[in-house]
Amino acid sequence: MEEFQNFLTENASRFIKDLGSLGARKISISGSFPMGCLPIVRTLNVLVGRACLHPYNKVARDFNIKLMKLVADLRQEVDGIRVVYADAYSPVIQMIQTPSLYGFEVVKNGCCGTGTVEINQLCMLAVSLCKDPTKYMYWDAIHFTETANKLFANNILNTGLAKLI
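Just so it is clear, the structure is predicted and the values come from calculations on it, not from any experiment.

## Considering the overall build of the chain
Here comes step 1: Secondary structure assignment for the chain yields six helices and four strands.
Here comes step 2: When its helices and strands are written in sequence order, the chain yields α-β-α-α-β-α-β-α-β-α.
Here comes step 3: Along the three orthogonal principal directions, the C-alpha set of the chain runs to about 55 × 35 × 30 Å.
Here comes step 4: In the chain, which comprises 165 residues, the share counted as buried stands at 38%.
Here comes step 5: Looking at the chain as shown, the accessible area adds up to about 9,600 Å², and 61% of this sits on carbon and sulfur atoms.
Here comes step 6: Positive and negative charge centroids in the chain, built from 17 and 14 side chains respectively, lie 5 Å apart.

Here is the structure:
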């Protein structure tokens, strides 16, 4: 896993430098979110109440640390480009751990079908949808609802991206 994370950060570094050579001056790198808490991943953990799979979240946190170091290194190496890290993990885990603060009642399942395995087009075939998607964090087993997307986007705009202004 670490080899793959290093591969990804090396590619990101080259890509950002290439963007800089093409004239980009403000760049944001977004980290990974707690993928161990996705409904589809929780389904793998059905025997313990569909809890988040912490090893998956650790992979995300470890990768995010590498991205933060990359951003710090790029700030030192590359002149004329402002690079910031946009934390995707913290706002999502906060929504999962304290859903009522965000108006959510359901964070373990998606709104469509069973909410455990359906994604994209499978939701179109689902016989059931939740009555109020605003109470759900996930639309399907992977993707946020519109409400969660708005909360997440506002957080990123007011934190990581705000540093580019």
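Let's pick the thread back up.
## Considering the state of the cysteines
Covalent bonding between the sulfur atoms of two cysteines is what defines a disulfide.
Here comes step 1: Scanning the entire structure with this criterion turns up two disulfides.
Here comes step 2: The residue that forms a disulfide with Cys37 is Cys52, at a sulfur-sulfur distance of 2.1 Å. A torsion of 115 degrees about the S-S bond marks the disulfide between Cys37 and Cys52 as right-handed. Here Cys37, found in the loop between strand E1 (26-30) and helix H2 (39-42), pairs with Cys52, found in the loop between H2 and helix H3 (54-77); they are 15 residues apart in sequence, far enough to count as distant.

## Quick notes on helix H4 (residues 89-97)
Here comes step 1: Listed in full, the buried residues belonging to H4 are Tyr89, Pro91, Val92, Ile93, Met95 and Ile96.
Here comes step 2: Tucked inside the fold, the buried residues of H4 contact H2, H3, strand E3 (106-110), strand E4 (136-138) and helix H6 (146-158).

About the criteria used
Residues numbered from 1 in each chain as written. Predicted model: local features only at pLDDT ≥ 70, side-chain atom pairs only at ≥ 80, totals over all residues. Heavy atoms only, no water. Helix = DSSP H or I, 4+ residues; strand = E, 2+ residues; numbered from the N terminus. Buried < 20%, exposed > 50% of the residue type's maximum accessible area, 1.4 Å probe, protein only. Areas by Shrake-Rupley, 256 points an atom, 1.4 Å probe, with all protein chains shown as cover. Lys, Arg positive; Asp, Glu negative; His and termini not counted. Charge placed at Lys NZ, Arg CZ, Asp CG, Glu CD. Disulfide = S-S within 2.5 Å. Contact = heavy atoms within 4.5 Å.

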